[in-house]
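As a plain string of letters, each chain reads:
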Amino acid sequence: MRSMLGVVMLLWLIGPALAGNLDPAAVNEAARPAKPPATDKLNPAVVKLQVLLDRAQFSPGEIDGKFGENAQKALKTFAAQNGIASDKAIAPELWDKLTAASEGPIVADYEIADADVRGPFLKELPSKLDDMKSLKALSYTSPLEGLAEKFHMSAELLRALNPGKAFDRVGETIVVANIPARRELPRMARLEVDKKSGTMKAFDASGALLAFYPASVGSPDRPTPTGTLKVTGTQENPTYRYNPDYKFKSVRSKRPFDIRPGPNNPVGAYWIGLSAQGYGIHGTAEPDKVSKSASHGCVRLTNWDARALGENVRRGTPVVFLDAPTESSSKQQDRPAAKRAAN
């Protein structure tokens, strides 16, 4: 009987972990992991690391609680910027530096507002451009998707932090990543796109690194530009225009057509135009694939990173492309390049 009781208690304690749930207190109080965390499992210490990197302007892309390649890229860049040796293990100096530069709980309560659930929402996001052109807006598919993106999170992590919660109920209190709503940075004097590593960096006039973002770039058959371009303008909620000259195999239409704005638009929720016809830096409907899939030539960021960059960059800012071959065989094709945004 005593043995049975022990088993029941043990299952009760580990049940949330088996179900993929995360204790918010464990995230806020997480200590530096002694060993490199797994790349495919939710980890409270990795949630904390990703939020700290996001706050420090070293974007890990989507905060998903897993120590994947984007989190590793951001950590490595932060380490280099601070003169700290880094490998897959998280050095004590790195952890201390990140925690010392950040204030407030890592995850915090948020009360779902009417705007979060009002919609309208898409029943399903079409996979083909031809099927998108008749939609009135390329909206989120659910309140869960919108809330996850609002707090730079994966839907899986948001669910894990909120077992049993209703994401479509006004007044419901949920736990979310505690990240700033807006990013104000010093003036950006230069942007740099590294095609080999799939990253973008922003520098000030002295050459100091201001921000880092994981990015998807083009493939050999649809390459990202070479050399130096300039920012020509920015646009929130851009309209995507398909040009038959793109000759995408998945598109049936032989005529140009528009796809209306929305976060699930082929170029996401933000567009930064560049001084080469049809090329830009833009958001995406698939934040989990940033830097893990190839684009049709543009530079693709998460919607929130594209917006943070666009709100802090000015027309005329040079964008330097560091040339290197992109392995198309290990990449998935991104959605198409956008029409140029209005200045």
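Located above this text is the structure these notes cover.
Residues numbered from 1 in each chain as written. Predicted model: local features only at pLDDT ≥ 70, side-chain atom pairs only at ≥ 80, totals over all residues. Heavy atoms only, no water.

Engineer: What is the right way to look at the overall build of the chain in this model?
Structural biologist: Of the regular secondary structure elements, the chain holds nine helices and twelve strands. In the chain, which comprises 343 residues, the proportion classed as buried is 50%. Of the contacts made within the chain by residues no fewer than 6 positions apart, 66% connect residues no fewer than 24 positions apart. In the form shown here, the chain has an accessible surface area of approximately 16,600 Å², with 51% of it arising from carbon and sulfur atoms. (Helix = DSSP H or I, 4+ residues; strand = E, 2+ residues; numbered from the N terminus. Buried < 20%, exposed > 50% of the residue type's maximum accessible area, 1.4 Å probe, protein only. Contact = heavy atoms within 4.5 Å. Areas by Shrake-Rupley, 256 points an atom, 1.4 Å probe, with all protein chains shown as cover.)

Engineer: Even after reading the chapter, I still don't get the pairing of strand β6 (residues 227-236), so can you show me in this structure?
Structural biologist: Consecutive side chains of a regular strand alternate in pointing toward one face of the sheet and then the other. As paired elements, β6 and strand β12 (residues 318-322) share four bridges and run antiparallel to each other. Its bridge partner being in β12, Thr228 is matched across the sheet by Val320. Relative to strand β9 (residues 270-274), β6 is paired through five bridges, and the arrangement is antiparallel. Across the sheet, residue Val231 finds its bridge partner in β9, namely Leu274. (Pairing = 2+ DSSP bridges.)

Engineer: Explain the environment of Ser134 to me, please; I cannot follow it from the model alone.
Structural biologist: Relative to the helices and strands, Ser134 is located in the loop between α6 (114-117) and α7 (143-150). Under the relative-accessibility criterion, Ser134 is labelled exposed at 60%. In this structure the C-alpha to C-alpha distance between Ser134 and Arg260, which are 126 residues apart in sequence, comes to 8.6 Å.

Engineer: Hey, could you run me through α7 in this one?
Structural biologist: The α-helix advances 3.6 residues per turn, and as a result positions three or four apart in sequence lie on the same side. Among the eight residues of α7, six are classified as buried, and the element is accordingly described as predominantly covered. Listed as buried for α7 are Pro143, Leu144, Gly146, Leu147, Ala148 and Glu149. For α7, the elements touching its buried residues are β1 (107-111), α6, α8 (155-161), β2 (173-177) and α9 (303-310).

Engineer: Looking at this structure, how should I read the packing of aromatic side chains?
Structural biologist: Applying the stated rule across the entire model yields three aromatic pairs. Seen from their ring centres, Tyr110 and Phe151 are 5.0 Å apart, and the 65° between their planes marks the pair as edge-to-face. Of this pair, Tyr110 sits in strand β1 while Phe151 sits in the loop between α7 and α8, and the two are 41 residues apart along the sequence. Given the relative accessible area of 10%, Phe151 is considered buried. Lying across the ring of Phe257, Lys133 places its NZ or CZ 4.9 Å from the centre. (Phe/Tyr/Trp six-rings, centres within 6.5 Å; stacked < 30°, edge-to-face > 60°. Lys NZ or Arg CZ within 6 Å of the ring centre and 35° of its normal.)

Engineer: Mind showing me how you'd approach the pattern of salt bridges here?
Structural biologist: Side-chain pairing between opposite charges can occur once the charged atoms of the two side chains come close. Applying the stated criterion across every chain, the model contains eleven salt bridges. The partner of Lys66 in a salt bridge is Glu156, and the shortest N-O contact between them spans 3.1 Å. One end of the pair, Lys66, is in the loop between α3 (44-55) and α4 (69-81); the other, Glu156, is in helix α8, and 90 residues separate them in sequence. For Glu156, a relative accessible area of 39% puts it in the partly exposed group. Between Lys289 and Glu286 there is a salt bridge; the shortest N-O distance is 3.4 Å. When its relative accessible area of 23% is taken as the criterion, Glu286 is described as partly exposed. (Salt bridge = Lys/Arg side-chain N within 4 Å of Asp/Glu carboxyl O.)

Engineer: Help me understand the pairing of strand β4 (residues 199-203), please; the structure alone is not making it clear to me.
Structural biologist: In terms of burial, β4 is a largely internal element, four of the five residues being buried. In this sheet, β4 lies alongside strand β3 (residues 190-194) in antiparallel orientation, the contact comprising five bridges. Along β4, the bridge assignment pairs Glu192 with Lys201. Between the end of β3 and the start of β4, which pair antiparallel, lie four residues, with Gly198 showing a positive phi angle near 65°.

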